[in-house]
Amino acid sequence: MNGKSDFNLAKLLLNREFPVQNQAEINRLKTVVQQLLDEAKHQGASAAEAAFSVDNGLSVSARLGEVETVEFHCDQGIGVTVYFGQQKGTASTNDVSPESLKETVQAACSIARYASADEYAGLPDPSQLATEFPDLDLNHPWGVDAEQAIALAIECENAARGYDAAISNSEGASVSSHQGTRVFGNSLGFLQGYQSSRHSISCSVLAGSGDAMQRDYWYSVARNAANLQSAQAVGEKAAQRTLARLNARSLSTRQCPVLFAPEMASGLIGALIGAISGGSLYRKSSFLLDSLNTQVLPDFVRIHEQPLLIGALGSSSYDGEGVATQTRDIVSEGILRGYVLSTYSAKKLGMQSTGNAGGVHNLTVETGSNDFTAMLKLMNTGLLVTELMGQGVNRVTGDYSRGASGFWVENGVIQYPVEEITIAGNLKTMLRNIVAIGNDVDLRGNIRTGSILVEQMAIAGE
Amino acid sequence: MPLLEQVKHTILAANGLQTQDIDRVMATLLSVPVDAADIYFQSSHFESWSLEGGIVKEGSHSIEHGAGVRVVSGDKTGFAYSDRIELPILLEAANNVKAIVKHGQNVQHKIATPQNWPQLYQPLNPLKSLADQDKIDLLKRVDTATRKLDSRIEEVMVSLVAAYDNLLIANQDGSLVADVRPLVRMNVSVIMVENGRREQGSMGGGSRSDYSYFLENDRAFEYGREAVRQAQVNLQAEAAPAGNMTVVLGPGWPGILLHEAIGHGLEGDFNRKGTSAFSGRVGERVASDLCTVVDDGTLAGRRGSLSIDDEGTPTQNTVLIEKGILKGYMQDKLNARLMGVNPTGNGRRESYAHLPMPRMTNTYMLPGESEPEEIIRSVKKGLYARNFGGGQVDITSGKFVFSASEAYLIEDGKITRPVKGATLIGNGPDVLTKVSMVGNDLQLDSGVGTCGKDGQSVPVGVGQPTLKIDGLTVGGTNI
């Protein structure tokens, strides 16, 4: 699955040398951010923070063996937040001309003057700002050009279409490569920037026809193209996933154990993080209010943040406000050890920022010794969920009801694909009733977890 | 045409460009044999104000502009965009994207560019329709009035947003068309607590007009009352049933059923590629003969409406399903050309930085003849779903979901107890064949819908009369 043995092609395309960090570009952005901060001060703001980001990229798609789209991306944006005492205003634009910088600051100041004073508003505590900025190895420009990317996309799609005669149609394969520079500063003297890259390859194919048609996809994403799965592997995996769905049926309404495949399990953990995030807590719109230092998961569960992982997708030494990120346990022995807080939400709760303005960083769920096959065995008979649909998650009550598809499992062995069913429960009990966590970790996102087995949920079907 | 001149001034003159400069960029695009080419200029202003904890503590303002350059040859598309509307950059973009054309057909598909179309909204800037202080006062007044409605209210959140979009679209036939699109939206949500139980309610609305919309007919305060009513209902709600049962959907926003179950599946791109569960089924029965469904972009002032789409095609009222028979798809120019039909004014894009594709506008079902009460009375045991959150569809398998946020049991022809929100799941190509009664009470939604496709968000509308569906799976916990 992780394609370690077959990334030759990706490596071949690493045909250009790039400096790992282009300091001149970072400095160019820093100058603009400093100008924004100076302008805010000039216009009377008592404090300010500003950001400037630039992103360049290429994405191509191929379908039925030929190129379908070639897109050149070029985005930039500046944003500024100003404070007049406890009053706050924010403005942003993609126009970075000197005139526009001034107008953007003016727009933010105008809003701040009308906004109500909020005793909790303000910049972070200076002692919390990051002071160490290790190179996290996040920037690996690929140097792939449109022709090469198209060739790779075609190779990927061919691998899927050629995998089995039952693959009947295709939505195509795409390859994208992005590289960006981000600078953030505030009027406390913080001014930092870094560059990062992100590349991906994906494929989506169909099998069957008429009412029996099915589609599925696969993708690989990495900061360094050398760590992408090969085009061949992505295509084959997409084909396998699509084929596995053919002849899916519904289930009768029942209660049974549910195994969330890793890419679905991350959503479950995401719902937990949403519920312990400052915004949900101070608004009292969380099913986990006042749950700090209480048991929210079984005692074998540990969930920790690893912001300084080298080369990972969620790595950063400081958060969206310049606050140092923390290597920390959020849950250990099943007990909630910390919330997920920004400066503002922390102040509202009478606490300290946890360095999570903008979200968590490489949130990692500690795995057990079970691989995917062992997890199926452990479940014995139940539902393996590989896709979820809809937004049926109520963060206030924890009520959970979503469309699902996947596979019916008996005696630890997959029997047949299922679709057009829902799974329902309440997140509070679902989390407490986690039986095991697999070591089949999905590393493609900011939440790293293996498959998760929940003891019992309500399945509605035909 | 004063609108065109106004937008040319806003977008071209402000960036030191002239009409001849557009011709130069277009000439570069057309220096290779292409089927279609366009340049999409955009300048947009956006603001939001939000109240929580009784104070307006946050506001934001943003300005974005840029241009997207596209060439199409056969089914191949080259696309580049820039936030700098400058001639050298546009020329470079044009040079980059035309490389997609390897073996051009050299067939210029000339689609007559319409000269006139109805303006469905005023070309006004809603951000300036109310003084900042008045926006804040409005939020505070809604907060105060809403809090008075029920002592169990713990938190009230009110938000107000407005967008002002100026567009200029240059097509390969030399035509230049403009649109100015205002859009406003307001939302009120409340959290209520009783005996340690916590529930929410939420209501909002909006239109392509200005902030005065919320002051008309007491709308802003009505959103507050409705949010409180929903939270009150939710405080009483029991576990929802699980399994297949008769479902009655209320009028208006539950039309999200149509958007998910059939709307996406009838977008031209999926059908050209043969990846939709509805592919190749024009002329076939896909719904009971009570069902006529349209996508209508021409409703004045509605959130999903557009005078012209993002390719310069005037919108229209497109019949998708007539008396149960599939009549046609929603098209942008590329897919219409490849399928040999006319564009339907459904070519939409989130912004200059995104490619257009077939998207819905306002999708709704025409009214039938049944009284809503009669429909409820006809159900011995089932679910009445009155309000919904979001939904999602798998275009290929046709499976769709949408999540109820307010629902009740129907027992012996009467609406009895409220039940918790549950996700409903069904199969697009056959759900409408199970429609056995259609109400005479067509309502459109209040103007809150946003549709996502391929990472692009666009505002849309939905609507329907009360509908009875003989068998839909309800995803509750009560087995």
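Just so you know, these numbers come straight off a predicted model, no measurement behind them.

A few words on the overall build of chain A. Tallying secondary structure elements over chain A gives 10 helices and 17 strands in all. Each of the three principal axes of chain A carries a C-alpha extent, and together these read 70 × 55 × 35 Å. Across chain A, contacts joining residues at least 24 apart in sequence account for 72% of those joining residues at least 6 apart. Accessible area for chain A stands at about 17,600 Å²; split by element, carbon and sulfur atoms hold 48% of it. Put simply, chain A has 34 plus and 48 minus side-chain charges, and the middle of one group is 5 Å from the middle of the other.

Summed over all chains, the structure comprises 50 salt bridges over all chains. A salt bridge links Glu52(B) to Lys57(B); the shortest N-O distance between them is 2.6 Å. Just as Glu52(B) is buried, Lys57(B) falls in that class too. Between Glu238(B) and Arg417(B) there is a salt bridge, with its nearest N and O atoms 3.1 Å apart. A residue pair is termed long-range when its members are at least 10 positions apart, and Glu238(B) in the loop between helix 6 (219-236) and strand 7 (242-249) and Arg417(B) in strand 16 (residues 414-419) qualify at 179 residues. Where salt bridges share partners, they join Glu171(A), Arg215(A), Asp216(A), Arg241(A), Arg245(A), Glu263(A), Glu387(A) and Asp394(B) into one cluster.

We now examine the sheet that holds strand 10 (residues 335-336) of chain A. Residues and elements named next belong to chain A. Ordered in space as 10-9-8-11-16, the five strands form an open sheet in which the pairing is mixed. Two strands in the sheet have a free side with no partner beyond their single neighbour: strand 10 and strand 16 (447-448). Examined bridge by bridge, strand 9 (residues 328-332) and strand 10 share two bridges and lie antiparallel to one another. Bridge pairing in strand 10 links Ser 332 to Ile 335.

The subject of this paragraph is the interface of chain A and chain B. Interface size is commonly expressed as the accessible area that is lost once the parts come together. Contacts between chain A and chain B engage 73 residues on the former and 74 residues on the latter. Of the roughly 5,700 Å² buried where chain A meets chain B, counting both sides, 51% is carbon and sulfur surface. Our count for the chain A to chain B interface comes out at 10 salt bridges. In this structure, Arg245(A) engages Asp394(B) in a salt bridge whose closest nitrogen and oxygen atoms are separated by 3.6 Å. The leading source of residues in the side of chain A that touches chain B is strand 2 (residues 66-84) of chain A, at 11 residues.

Taken as a whole, this structure holds 14 aromatic pairs over all chains when the rule is applied. Where Phe133(A) meets Tyr318(A), the ring centres are 5.9 Å apart and the plane angle is 80°; that geometry is what we call edge-to-face. With Phe133(A) in the loop between helix 3 (98-114) and helix 4 (146-161) and Tyr318(A) in the loop between strand 8 (303-305) and strand 9, this pair connects stretches of sequence that are 185 residues apart. A connected cluster of aromatic rings, assembled from ring pairs, spans Phe133(A), Phe184(A), Phe190(A), Tyr194(A) and Tyr318(A). In this structure, Arg254(A) is placed above the aromatic ring of Trp408(A), and the distance from its NZ or CZ to the ring centre is 4.5 Å. The ring of Tyr121(B) is capped by Arg208(B), whose NZ or CZ atom sits 5.6 Å from the centre of that ring.

With that settled, consider the sheet that holds strand 22 (residues 461-464) of chain B. All names here are of chain B. In space, the six strands of this open sheet follow the order 10-9-8-13-22-19, with mixed pairing throughout. Each of the sheet's edge strands pairs with one partner strand only, and the pair in question is strand 10 (325-326) and strand 19 (443-444). Taken together, the three bridges between strand 8 (residues 293-296) and strand 13 (residues 362-365) define a ladder with antiparallel strand orientation. Paired with Val 294 across the bridge in strand 13 is Tyr 364. Packed on one face of the sheet, helix 7 (residues 256-263) meets strand 8, strand 9 (317-322), strand 13 and strand 22 and runs near 105° to strand 22.

In this section: the nonpolar core. If you look at the biggest cluster of nonpolar residues, it comprises 94 residues, and the most contacted ones within it are Leu29(B), Ile39(B), Phe41(B), Leu168(B), Met186(B) and Phe214(B). Apart from residues no more than four positions distant in its own chain, Met186(B) is found in contact with Leu138(B), Leu139(B), Val142(B), Val158(B), Ser159(B), Leu160(B), Met203(B), Gly204(B), Gly205(B), Phe214(B), Ala220(B) and Tyr223(B).

This part takes up the pairing of strand 6 (residues 214-222) of chain A. All names here are of chain A. Burial analysis of strand 6 places seven of its nine residues in the buried class, the great majority of the element. Across nine bridges, the pairing between strand 5 (residues 191-207) and strand 6 is antiparallel. Its bridge partner being in strand 6, Cys 203 is matched across the sheet by Trp 218. Counting the residues in the hairpin turn of strand 5 and strand 6 gives six residues, including Gly 208, whose phi is positive at 80°.

Bringing the packing of helix 2 (residues 23-42) of chain A against helix 3 of chain A into the picture now. Residue and element names in this part refer to chain A. Where helix 2 meets helix 3, the closest approach of the two axes is 10 Å, and the angle between their N-to-C directions is 45°. One way to sum up the angle between helix 2 and helix 3 is to call them oblique. In this structure, helix 2 meets helix 3 at a crossing whose hand is right-handed. Between helix 2, through Val 32, Gln 35, Leu 36, Glu 39 and Ala 40, and helix 3, the contact on the second element is made entirely by Leu 101, Lys 102 and Val 105. By residue class, the composition of the contact of helix 2 with helix 3 is five nonpolar, one polar and two charged.

A separate point is the pairing of strand 16 of chain B. Pairing geometry for strand 15 (residues 399-411) of chain B and strand 16 of chain B, over four bridges, is antiparallel. Bridged to Tyr408(B) within strand 16 of chain B is Pro418(B).

Residues and elements named next belong to chain B. Of note, Trp 253 is situated in the loop between strand 7 and helix 7. The spacing of Trp 253 and Arg 198 is 55 residues in sequence and 24 Å in space, taken between C-alpha atoms. In this view, Trp 253 contacts Asn 387, Phe 388, Gly 389, Asp 445, Val 448, Gly 449 and Val 462; residues no more than four positions away in its chain are not counted.

One can find Ala233(A) in helix 5 (residues 231-244). For the pair Ala233(A) and Leu376(A), spaced 143 residues apart in sequence, the C-alpha separation works out to 24 Å.

What follows covers helix 9 (residues 372-379) of chain A. Residue and element names in this part refer to chain A. Those residues of helix 9 that fall on the buried side of the exposure criterion are Met 375, Leu 376 and Met 379. An end-on view of helix 9 places all buried positions within 100° of arc, on one side of the element. As for helix 9, its buried residues are in contact with strand 7 (254-260), strand 12 (382-389), strand 13 (399-410), strand 14 (413-426), strand 15 (434-437) and strand 17 (452-460). Within two residues after helix 9, Asn 380 carries a phi angle of roughly 65°, on the positive side.

Glancing now at the confidence of the model for chain A. With 96% of its residues at a pLDDT of at least 70, chain A reaches an overall mean of 94. Within the model, the stretch residues 1-19 of chain A combines pLDDT values under 50 with 28 contacts to residues more than four positions away or in other chains.

Residues and elements named next belong to chain B. Mapped onto the elements, Asp 295 comes out in strand 8. Notably, Asp 295 is buried but unbridged: the nearest opposite-charge side chain belongs to Arg 348, and the N-O separation is 7.3 Å. Within the local environment of Asp 295, its side chain forms a polar contact with the side chain of Thr 361, the two groups lying 2.7 Å apart. Side-chain polar atoms of Asp 295 contact the side chain of Thr 363, separated by 2.9 Å. Once residues lying within four places of it in the same chain are set aside, the contact partners of Asp 295 are Gln 316, Asn 317, Thr 318, Leu 320, Met 330, Asn 346, Met 360, Thr 361, Asn 362 and Thr 363.

What follows concerns the packing of helix 4 of chain A against helix 5 of chain A. Helix packing geometry: the angle between the two helix axes and the distance between the axes. All names here are of chain A. Contact geometry of helix 4 with helix 5 gives a least axis separation of 7 Å together with a crossing angle of 35°. Read as a crossing pair, helix 4 and helix 5 show a hand that is right-handed. For the pair formed by helix 4 and helix 5, the contact residues are Leu 152, Glu 155, Cys 156, Ala 159 and Ala 160 on the first element and Ala 231, Gln 232, Val 234, Gly 235, Glu 236 and Ala 239 on the second. Classifying every residue of the contact of helix 4 with helix 5 gives seven nonpolar, two polar and two charged.

Conventions we followed
Residues numbered from 1 in each chain as written. Chains lettered and ligands numbered in written order. Predicted model: local features only at pLDDT ≥ 70, side-chain atom pairs only at ≥ 80, totals over all residues. Heavy atoms only, no water. Helix = DSSP H or I, 4+ residues; strand = E, 2+ residues; numbered from the N terminus. Contact = heavy atoms within 4.5 Å. Areas by Shrake-Rupley, 256 points an atom, 1.4 Å probe, with all protein chains shown as cover. Lys, Arg positive; Asp, Glu negative; His and termini not counted. Charge placed at Lys NZ, Arg CZ, Asp CG, Glu CD. Salt bridge = Lys/Arg side-chain N within 4 Å of Asp/Glu carboxyl O. Buried < 20%, exposed > 50% of the residue type's maximum accessible area, 1.4 Å probe, protein only. Pairing = 2+ DSSP bridges. Buried area = accessible area lost by both parts, 1.4 Å probe. Phe/Tyr/Trp six-rings, centres within 6.5 Å; stacked < 30°, edge-to-face > 60°. Lys NZ or Arg CZ within 6 Å of the ring centre and 35° of its normal. Axes fitted to C-alpha atoms, helices over the stretch in contact; angles between N-to-C directions. Core = buried A, V, L, I, M, F, W, Y, C linked by side-chain atoms within 4.5 Å. Parallel < 35°, antiparallel > 145°, perpendicular 65-115°, else oblique. Left-handed = near helix turned anticlockwise from the far one by under 90°. Nonpolar A, V, L, I, M, F, W, Y, C, P; charged D, E, K, R; others polar. Arc of directions from axis to C-beta. pLDDT = per-residue confidence, 0-100. Polar contact = N/O pair within 3.5 Å; in protein donor to acceptor, adjacent residues only side chain to side chain.

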